[in-house]
Amino acid sequence: MSIPERRLNDGTSIPATGFGTYPLRGDEGEQAVASAIAAGYRLIDTAVNYANENAVGRGMRASGVERSELMVQTKIPGRHHGYDETLASFDESRHALGVDVIDILLIHWPNPSVDKYVDTFKAMLELRDRGLVRTVGVSNFTEEFLTRLQRETGELPAVNQVELHPYFPQQELLRFHAEHDIVTEAWSPLGKNSPVLTERVIAGAAAAHGVTPAQVVLRWHVQLGSVPLPKSSSPERQRENLDLFGFELTDDEMAAITALGRNDGRLFDGDPNHHEEQ
Ligand SMILES: NC(=O)c1ccc[n+]([C@@H]2O[C@H](COP(=O)([O-])OP(=O)(O)OC[C@H]3O[C@@H](n4cnc5c(N)ncnc54)[C@H](OP(=O)(O)O)[C@@H]3O)[C@@H](O)[C@H]2O)c1
């Protein structure tokens, strides 16, 4: 299945959807990654804190697909913030994944009380300039933190991976991203284990288009311009979650799904201003 591409502000591009791997680990993780790649995924999301970089690397090799056709993105954890710590973290990730170059490197959370995310980003720019990382990005950054990165380094990340689903549609942040040429990646794009897939407007759109509720939600992401990273351990659902490019939601359906958003829509207490990730 061929997936359209999204252009990034560094001149490269990523597929319009990717594969989430938390909490897949060990042999199960390896098999899930290999089957996701067989289904057609080319962008694989992992993190030091998922303790599965090794399994992801093995799954990539087991897939038999050329390394040059795959993109792996991992994340610097909170305890590795700082310039030298980031360079060391990158090396550990590279070895765990078994790759020479990391396609996309993100800061997992800003951890503002520690106040080291700017130094972390500077080290990532250095890795990019040395050709060891292709694209630099962040995760869970607010407009304020993104603006500070630009002020202090002269650069904006190419992607910001944030919580995004119909209960938490983040309209303002998406507008800011669009104005500043930052691609939004969506974590928990299906709303994880919340009742989002049983919402009436989603079930209604699924019936109207002859698709599943998950496909409606993932298509909503694609039309918003966000890159969803759904996780599934089932090969069947992995394929279902990729089959998004043969139908289109109407403006009314898009608006009705976005209107499911609510102030307490976060899945857990993941406010980037306060969340401290280790
Ligand atoms: N940057 C961050 O801070 C951060 C935070 C959280 C997550 N993430 C990333 O985002 C990825 C996705 O988020 P997530 O795993 O939290 O949530 P999600 O992808 O929204 O939901 C995953 C859940 O939905 C089920 N599912 C998948 N496809 C389905 C379908 N077609 N129909 C019905 N149920 C389906 C999965 O079960 P089965 O496996 O049984 O199919 C799993 O229980 C993670 O894996 C991780 O890579 C990043």
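The structure this text deals with has already been given above.
Note that the coordinates shown come from a computational prediction; the quantities given were computed from them, not determined experimentally. (Residues numbered from 1 in each chain as written. Predicted model: local features only at pLDDT ≥ 70, side-chain atom pairs only at ≥ 80, totals over all residues. Heavy atoms only, no water.)

**Looking at the overall build of the chain**
Here's step 1: A tally of regular secondary structure across the chain gives ten helices and ten strands.
Here's step 2: If one aligns the C-alpha atoms of the chain with their principal axes, the spans along those axes are about 55 × 40 × 30 Å.
Here's step 3: Of all 278 residues assigned to the chain, the portion counted as buried reaches 55%.
Here's step 4: For the chain, restricting intrachain contacts to residue pairs at least 6 apart in sequence, the fraction spanning at least 24 positions comes to 74%.
Here's step 5: When the accessible surface of the chain is summed, it comes to about 11,800 Å², and 46% of that surface belongs to carbon and sulfur atoms.
Here's step 6: Separation between the mean location of the 26 positive side-chain charges and that of the 41 negative ones in the chain comes to 2 Å. (Helix = DSSP H or I, 4+ residues; strand = E, 2+ residues; numbered from the N terminus. Buried < 20%, exposed > 50% of the residue type's maximum accessible area, 1.4 Å probe, protein only. Contact = heavy atoms within 4.5 Å. Areas by Shrake-Rupley, 256 points an atom, 1.4 Å probe, with all protein chains shown as cover. Lys, Arg positive; Asp, Glu negative; His and termini not counted. Charge placed at Lys NZ, Arg CZ, Asp CG, Glu CD.)

**Observations concerning the packing of aromatic side chains**
Here's step 1: Enumeration over the complete set of coordinates arrives at eight aromatic pairs.
Here's step 2: Here Tyr 117 and Phe 141 contribute two aromatic rings whose centre-to-centre distance is 5.2 Å and whose plane-to-plane angle is 80°, an arrangement assigned as edge-to-face. On the criterion of sequence distance, the pair formed by Tyr 117 in helix α4 (residues 117-129) and Phe 141 in the loop between β7 (133-139) and α5 (143-153) is long-range, its members being 24 residues apart.
Here's step 3: Residue Phe 141 is classed as buried on the basis of its relative accessible area, which comes to 1%.
Here's step 4: Pairing Phe 141 with Phe 145 gives two aromatic rings, centres 6.1 Å apart and planes at 80°, and the pair type is edge-to-face. Just as Phe 141 is buried, Phe 145 falls in that class too.
Here's step 5: The ring of Phe 247 has Arg 219 sitting right over it, with the charged end atom 6.0 Å from the ring centre. (Phe/Tyr/Trp six-rings, centres within 6.5 Å; stacked < 30°, edge-to-face > 60°. Lys NZ or Arg CZ within 6 Å of the ring centre and 35° of its normal.)

**Some details on the packing of helix α3 (residues 83-97) against α4**
Packed helices, taken two at a time, are described by the angle their axes make and the gap between the axes.
Here's step 1: Viewed as axis vectors pointing N to C, α3 and α4 meet at an angle of 50°, and their least axial separation amounts to 8 Å. By the angle class used here, α3 and α4 are oblique. Seen along the crossing, α3 lies across α4 with a hand that is right-handed. Residues Tyr 83, Thr 86, Leu 87 and Phe 90 of α3 lie in contact with α4, whose contacting residues are Asp 119, Thr 120, Lys 122, Ala 123, Met 124, Glu 126 and Leu 127.
Here's step 2: Tallied by class, residues from the contact of α3 with α4 come to six nonpolar, two polar and three charged. (Axes fitted to C-alpha atoms, helices over the stretch in contact; angles between N-to-C directions. Parallel < 35°, antiparallel > 145°, perpendicular 65-115°, else oblique. Left-handed = near helix turned anticlockwise from the far one by under 90°. Nonpolar A, V, L, I, M, F, W, Y, C, P; charged D, E, K, R; others polar.)

**Structural notes on the pattern of salt bridges**
Here's step 1: Enumeration over the complete set of coordinates arrives at 13 salt bridges.
Here's step 2: For Arg 94, the salt bridge identified is with Asp 91, shortest N-O distance 3.1 Å. Residue Arg 94 and its partner Asp 91 are located together in helix α3, separated by three residues, close to a single helical turn.
Here's step 3: In this structure, Arg 266 and Asp 271 form a salt bridge, with 4.0 Å as the shortest nitrogen-oxygen distance.
Here's step 4: Arg 266 gets classed as partly exposed once you look at its relative accessible area, which sits at 28%.
Here's step 5: Put simply, Asp 27, Glu 30 and Arg 58 are held in one network by salt bridges that share partners. (Salt bridge = Lys/Arg side-chain N within 4 Å of Asp/Glu carboxyl O.)

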